[in-house]
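Listed below are the residues making up each chain.
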Amino acid sequence: MIFPSTTAKEFDFSPIYDLPKIKWLNCQTMYGIKEDKVAYIDYSRINGLQSVTISGKYGHQNLAKVRGLKSLFFYDGQPDGNSLEDVFDGKSLEELEISQSSIRTLRGLNAAD
């Protein structure tokens, strides 16, 4: 997803919450000419999510509540804590990529079933 720099109001993700299943999502939450605007997305409200690519320091909500996530690509993110367990439930994870993040420990990383 790419947000146009001229978007005046907060981008609305709510229509995807009503879809029956989304397996893969690439989500950027910071936008605007200087990335001075933030859109908020609640991952716990997305049905069937298995793979997510996250970009943007702010606006990502409830990723830790998503069960069954198989792949996570986390770029330029600042979770509330500094470990993976603060970001997501790693019990089913098969792929992980982290870049330019405030995560400082892989605590919470578990082997996939």
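As a starting point, this report considers the structure included with it.

The rules behind these values
Residues numbered from 1 in each chain as written. Predicted model: local features only at pLDDT ≥ 70, side-chain atom pairs only at ≥ 80, totals over all residues. Heavy atoms only, no water. Helix = DSSP H or I, 4+ residues; strand = E, 2+ residues; numbered from the N terminus. Buried < 20%, exposed > 50% of the residue type's maximum accessible area, 1.4 Å probe, protein only. Contact = heavy atoms within 4.5 Å. Pairing = 2+ DSSP bridges. Axes fitted to C-alpha atoms, helices over the stretch in contact; angles between N-to-C directions. Core = buried A, V, L, I, M, F, W, Y, C linked by side-chain atoms within 4.5 Å.

1. Here's the deal with the overall build of the protein chain
Then, in step 1: When helices and strands are tallied, the protein chain shows 0 helices and 8 strands.
Then, in step 2: Split into buried and exposed, the 113 residues of the protein chain put 38% on the buried side.
Then, in step 3: A sequence separation of at least 24 residues applies to 39% of the contacts in the protein chain between residues at least 6 apart.

2. Some words on the pairing of strand β7 (residues 71–75)
Then, in step 1: Burial analysis of β7 places 4 of its 5 residues in the buried class, the great majority of the element.
Then, in step 2: As defined by bridge partners, strand β5 (residues 51–55) adjoins β7 across 5 bridges and the pair is classed as parallel. Within β7, the residue paired with threonine 53 across the bridge is phenylalanine 73.

3. Regarding the environment of glutamate 97
Then, in step 1: By secondary structure assignment, the location of glutamate 97 is in strand β8 (residues 95–99).
Then, in step 2: Overall, glutamate 97 belongs to the partly exposed group, its relative accessible area being 36%.
Then, in step 3: Each C-alpha atom, one on glutamate 97 and one on serine 71, is 8.4 Å from the other, the two residues being 26 residues apart in sequence.
Then, in step 4: Setting aside residues no more than four positions away along its own chain, glutamate 97 makes contact with Leu72, Phe73, Phe74 and Tyr75.

4. Digging into the sheet that holds β7
Then, in step 1: Judged by pairing direction, the sheet is parallel, and its 4 strands sit side by side in the order β1-β5-β7-β8 without closing on themselves. The two strands at the open ends of the sheet, each matched to only one other strand, are β1 (24–28) and β8. Within the sheet, the average angular offset between the axes of one strand and its neighbour, ignoring direction, is 5°.
Then, in step 2: When β7 meets β8, the two strands line up parallel, connected through 5 bridges. Its bridge partner being in β8, leucine 72 is matched across the sheet by leucine 96.

5. Things to note about the pairing of β5
Then, in step 1: Extensive coverage of β5 is indicated by the burial of 4 of its 5 residues.
Then, in step 2: Inspection of the sheet shows β1 paired to β5 by 5 bridges, in the parallel sense. Bridge pairing links asparagine 26 to threonine 53 in β5.

6. Some thoughts on the nonpolar core
Then, in step 1: In terms of nonpolar packing, the biggest core is built from 24 residues, with Leu25, Ile41, Tyr43, Ile46, Leu49, Leu63 and Leu72 touching the most fellow members.
Then, in step 2: Elements with a contribution of two residues or more to this core: β1, β5 and β7.

These results come straight from atomic positions and should not be treated as a statement about function.
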